[in-house]
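Here is what each chain is made of, one letter per residue.
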Amino acid sequence: MIQDYLHKSVWFIGLLLLQVLVLNNVHILGGYATPFLYIYLILKMDSDTPRNALMAWAFVLGLAVDLFSDTPGMNAASATLLAFMRPGILRLFASRDVTGPYVPATGVMGMVSYVKYAAAGVLLHHAVLLTLEYFSAASIPGLLLRIPASTVLSLACILALDAIRRK
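Keep in mind that what you see is a predicted model, and the values were worked out from it rather than measured.

Analysis parameters
Residues numbered from 1 in each chain as written. Predicted model: local features only at pLDDT ≥ 70, side-chain atom pairs only at ≥ 80, totals over all residues. Heavy atoms only, no water. Phe/Tyr/Trp six-rings, centres within 6.5 Å; stacked < 30°, edge-to-face > 60°. Helix = DSSP H or I, 4+ residues; strand = E, 2+ residues; numbered from the N terminus. Buried < 20%, exposed > 50% of the residue type's maximum accessible area, 1.4 Å probe, protein only. Lys NZ or Arg CZ within 6 Å of the ring centre and 35° of its normal. Expected span 1.5 Å × (residues − 1). Contact = heavy atoms within 4.5 Å. Patch = residues over 30% accessible without salt bridge, like charges linked within 9 Å, V, L, I, M, F, W, Y side chains within 5 Å. Areas by Shrake-Rupley, 256 points an atom, 1.4 Å probe, with all protein chains shown as cover. Salt bridge = Lys/Arg side-chain N within 4 Å of Asp/Glu carboxyl O. Bend = angle between axes of the 7 residues up to and from the residue. Axes fitted to C-alpha atoms, helices over the stretch in contact; angles between N-to-C directions. Parallel < 35°, antiparallel > 145°, perpendicular 65-115°, else oblique. Left-handed = near helix turned anticlockwise from the far one by under 90°. Nonpolar A, V, L, I, M, F, W, Y, C, P; charged D, E, K, R; others polar. Core = buried A, V, L, I, M, F, W, Y, C linked by side-chain atoms within 4.5 Å.

### A closer look at the packing of aromatic side chains
The relation between two aromatic rings is expressed through the spacing of the ring centres and the mutual angle of the planes.
For step 1, the next point in the chain: Considering all chains together, one arrives at 4 aromatic pairs under this definition.
For step 2, the next point in the chain: Ring centres of Tyr 114 and Tyr 117 lie 6.1 Å apart, and the angle between their planes is 50°; this geometry places the pair in the tilted category. Here Tyr 114 and its partner Tyr 117 are both found in helix H6 (residues 111-134), 3 residues apart, which amounts to about one turn of the helix. An identical accessibility class is assigned to Tyr 114 and Tyr 117; each is buried.
For step 3, the next point in the chain: Here the aromatic cluster, defined as three or more aromatic residues joined through ring pairs, consists of Tyr 5, Phe 12 and Trp 57.
For step 4, the next point in the chain: The ring centre of Phe 84 lies 4.6 Å from the NZ or CZ of Arg 51, which sits over that ring.

### Some points on helix H3 (residues 51-69)
For step 1, the next point in the chain: Taking 1.5 Å per residue, 19 residues should reach 27 Å; H3 reaches 26 Å between its end C-alpha atoms and fits that length.
For step 2, the next point in the chain: Residues of H3 that are buried: Leu 54, Trp 57, Ala 58, Leu 61, Gly 62, Ala 64, Val 65 and Asp 66.
For step 3, the next point in the chain: The inward-facing, buried residues of H3 abut helix H1 (2-21), helix H2 (40-43) and helix H4 (74-93).
For step 4, the next point in the chain: A positive phi of about 60° marks Asp 70, the residue just after H3.

### Points about the environment of Pro 104
For step 1, the next point in the chain: By the element assignment, Pro 104 lies in the loop between H4 and helix H5 (106-109).
For step 2, the next point in the chain: Looking at Pro 104, the relative accessible area reads 0%, which means it is buried.
For step 3, the next point in the chain: Sequence separation between Pro 104 and Ser 150 is 46 residues; the distance between their C-alpha atoms is 22 Å.
For step 4, the next point in the chain: When residues no more than four places from it in sequence are discounted, the contact partners of Pro 104 are Leu 43, Lys 44, Met 45, Arg 86, Leu 90, Met 109, Tyr 114 and Tyr 117.

### Focus: a nonpolar patch on the surface
For step 1, the next point in the chain: On the surface, Ile 13, Leu 17, Leu 18, Leu 21 and Val 22 cluster together to form a nonpolar patch covering roughly 440 Å² of accessible area.
For step 2, the next point in the chain: Here Leu 17 lies in helix H1.
For step 3, the next point in the chain: A relative accessible area of 43% means that Leu 17 is categorised as partly exposed.

### Description of H4
For step 1, the next point in the chain: In this model H4 runs 27 Å from its N-terminal to its C-terminal C-alpha over 20 residues, within 8% of the 28 Å that 1.5 Å per residue would give.
For step 2, the next point in the chain: Where H4 bends most, the angle comes to about 45°, and this point is Met 85, followed within four residues by the proline Pro 87.
For step 3, the next point in the chain: By the burial criterion, the buried members of H4 are Met 74, Asn 75, Ala 76, Ser 78, Ala 79, Thr 80, Leu 82, Ala 83, Arg 86, Pro 87, Ile 89 and Leu 90.

### Some words on the packing of H6 against helix H7 (residues 140-166)
For step 1, the next point in the chain: It is the contact of H6 with H7, at a shortest axis distance of 9 Å, that shows an interaxial angle of 140°. Here H7 runs oblique to H6, going by the angle between their axes. Handedness of the crossing formed by H6 with H7: right-handed. On the side of H6, the interface is formed by Tyr 114, Val 115, Ala 118, Ala 119, Val 122, Leu 123, His 126, Ala 127, Leu 130, Thr 131, Glu 133 and Tyr 134, while H7 contributes Gly 142, Leu 143, Arg 146, Ile 147, Ser 150, Thr 151, Ser 154, Leu 155, Ile 158, Leu 159 and Asp 162.
For step 2, the next point in the chain: When the residues that make up the contact of H6 with H7 are grouped by side-chain class, the tally is 14 nonpolar, 6 polar and 3 charged.

### Things to note about the nonpolar core
Side chains of nonpolar character tend, in soluble globular proteins, to be buried together.
For step 1, the next point in the chain: Core analysis: the largest hydrophobic core is formed by 35 residues, its most contacted members being Ile 42 and Ile 158.
For step 2, the next point in the chain: Secondary structure elements with two or more residues in this core: H1, H2, H3, H4, H6 and H7.
For step 3, the next point in the chain: Not counting residues up to four positions away in its chain, the partners in contact with Ile 158 are Leu 37, Ile 39, Tyr 40, Leu 43, Tyr 114 and Val 122.

Shape descriptors only; they carry no functional weight alone.
Below is the structure:
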C-alpha cells in the first residue's frame, strides 16, 4: 500500500516536472500542437482505484501544473473531469475477458482497445482544457485545429512512454 503511493508519487513528481519544465515549451505545427503528458498518471491508475481517490490525484496534479504554468484552474478542471469520466471510458473499451483489478495497458486490454481508451481520454481532456483556454467564439477555427493536433501529439507521447515502460 505505502509502496504503491510512493510509486505514484514518484510518477506524479516526474510527470509534473517534465510537463512544466519541458513540454509546456514544446509547440509543434506553428504552435497548434502541445503535448500534455501529465495525464498519463490518470490514465494508468489501477482499474479498481476509487473514483474519489482518482479525482483527488487528478485535481492535485492539474492544480500543480496550473501553478507552474500560470493557467488558473484549467488543467485542474480538465484533469478532474478526465478522472471522473475515466471509469466509464475504461469500461467502454476494456475487454469483457479481463477480470479483477488491472492497470490499463496494451498487454491487458490489447493494442486496439488500449489505443481507443487512451485516445478517448486524451481527446476529452484536451477538448475541455483547450476550450477553457480559448474561451472565445472568435477563435473557433484555431481551437478546431489545436484540439486534434495536440491530441495526436499527446497520444503519440503516451504510447511511446508506455512502450518504453514495457521494455
